[in-house]
Amino acid sequence: MPVGNKITIYIPLRNEGVPVWRPTLGVDLGGDVYRVLPTEHCDPGDEEWEFLPGSVVRCQREINAGELLLIAKTALPLCPVCGYEQDVPPWTEDGASDEICPCCGIQFGYSDCAGGDANKRQKIYKEWRRKWYAGGMEWWSKGQPVPAGWDRYEQLRRVGVENYSGMTTNERLVVAGLLDKFDRAARNRNRADMVFLLTQVQLATGEAERIADTVLAHPKQ
Ligand SMILES: [Zn+2]
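Below: a short report on this structure. (Residues numbered from 1 in each chain as written. Predicted model: local features only at pLDDT ≥ 70, side-chain atom pairs only at ≥ 80, totals over all residues.)

Focus: the overall build of the protein
Summing up its helical and strand segments, the protein has six helices and seven strands in all. Reading the secondary structure of the protein in the N-to-C direction produces β-β-β-α-β-β-β-β-α-α-α-α-α. Burial analysis of the protein (221 residues in total) assigns 22% to the buried set. Taking contacts inside the protein between residues at least 6 apart in sequence as the whole, the part at least 24 apart equals 39%. (Helix = DSSP H or I, 4+ residues; strand = E, 2+ residues; numbered from the N terminus. Buried ≥ 20, exposed ≤ 12 C-beta atoms within 10 Å, placed from the backbone. Contact = placed C-beta atoms within 7 Å.)

Here's the deal with helix H2 (residues 118-134)
For H2, spanning 17 residues, the distance from its first C-alpha to its last is 25 Å, which sits close to the expected 24 Å at 1.5 Å a residue. All buried positions along H2 are accounted for by Tyr125, Trp128, Arg129, Trp132 and Tyr133. Buried residues of H2, seen end-on, are gathered within an arc of 135° and therefore sit on one face of the element. Facing away from the buried side of H2, by more than 90 degrees, are the exposed residues Asn119, Lys120, Lys123 and Ala134. The positive-phi residue at the C-terminal boundary of H2 is Gly136, with phi of around 95°. (Expected span 1.5 Å × (residues − 1). Arc of directions from axis to C-beta.)

Looking at the pairing of strand S4 (residues 56-64)
Direction of pairing for strand S3 (residues 33-36) relative to S4: antiparallel, over a ladder of three bridges. By the bridge assignment for S4, Arg35 is matched with Val56. Where S4 folds back onto strand S5 (residues 67-75) in an antiparallel hairpin, the turn is made up of two residues, including Ala65, whose phi is positive at roughly 50°. (Pairing = 2+ DSSP bridges.)

Thoughts on unusual backbone geometry
In this structure, Asp32 is a non-glycine residue whose phi angle is positive, near 65°. Structurally, Asp32 can be placed in the loop between strand S2 (21-28) and S3. Exposure remark for Asp32: the 13 C-beta atoms within 10 Å place this residue in the partly exposed category. Phi is positive for Glu48, close to 55°, though the residue is something other than glycine.

Thoughts on the environment of Leu156
Structurally, the position occupied by Leu156 is in helix H3 (residues 152-158). As a C-alpha pair, Leu156 and Leu78 span 78 residues in sequence and 10.0 Å in three-dimensional space. Here Leu156 is in contact with Cys82, Gly83 and Val161, once residues within four sequence places are set aside.

Examining the nonpolar core
Counting residues in each nonpolar core, the largest one holds 30 residues, and the members touching the most others are Tyr34, Cys79, Val81, Cys82, Cys101 and Cys104. Counting residues per element, the ones that place at least two in this core are strand S1 (6-12), S3, S4, S5 and H2. Examining the composition of this core, we find that four residues originate from one element, H2, more than from any other. Inspection of this core shows a minimum of three residues originating in each of domain 1 (6-75) and domain 2 (91-158). Non-local contacts of Val81, meaning those with residues more than four positions away in its chain, are made with Cys101, Cys104, Ile106, Tyr125, Trp128, Arg129 and Trp132. (Core = buried A, V, L, I, M, F, W, Y, C linked by C-beta atoms within 7 Å. Domains from an automatic or database assignment.)

Here it is in C-alpha cells:
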C-alpha cells in the first residue's frame with residue numbers, strides 16, 4: 001500500500017458499553033501510521049470517537065468477527081508545527097505540556113498560549129512553520145542530537161503539510177490560482193491587477209517577495 005493512499009480504518013467509540021468501531025478513511029503515512037479523515041455522514045462529536053479527524057494514529061490489524069480490520073490504537077503526540085513526535089502530548093484537556101519541541105523550538109503553553117484562543121493558536125503554528133521553513137528547516141535543539149534517519153518532510157506530511165513551503169494542499173491550490181491570474185495580468189500589462197493580486201498572495205503566503213520583483217519590473221503606464 002503506497003504512502004498517501006486512503007484506506008478504511010476503524011476508530012474505537014467511547015461510552016457504547018461494548019467495543020464498537022466507526023469505519024472511516026485514513027491517509028496512509030507509512031509504518032502503520034494514518035491521518036484520520038472525517039466520514040461524510042457521521043458526527044464525531046455525536047458519537048464520541050476515541051481519535052478525532054485530523055489526528056494521526058498508529059493502527060494494528062486485528063481479526064474481528066472473521067474480518068481483518070485496521071484498528072486505530074494510539075494517537076501520536078505530534079508537534080502541530082513540524083510534526084515531530086513528542087514524548088507527551090503538547091496539549092491535553094488539562095492544558096499545555098510546557099515542553100519545547102526539539103525539532104522546531106516551539107514551547108507549548110508559552111509560544112502558543114494565544115490567550116486560550118484555539119484559532120489564534122493555529123495561526124501561530126502556521127507562522128512558526130513558515131519561519132522554520134525560511135530558516136532552512138534545521139533541527140532546533142543543541143542539547144538533543146538529530147535522530148537517526150530524521151525525515152522532516154515525512155514529519156510534515158503527518159501534520160497535513162505536503163510540500164516544502166509550509167502550506168497545506170488547500171492553501172497551495174489557492175495560491176496556484178492567484179499566480180495564474182497574476183501571470184495573466186502581467187501578460188496584459190495590467191499593473192493595477194498585478195498589485196491587487198500581489199496583496200492577495202501576500203495574505204495567503206509568506207512567499208510574495210519573488211513576484212513583488214515582477215511588479216517592480218513593470219513600470220506604471
Ligand atoms: Zn516542532
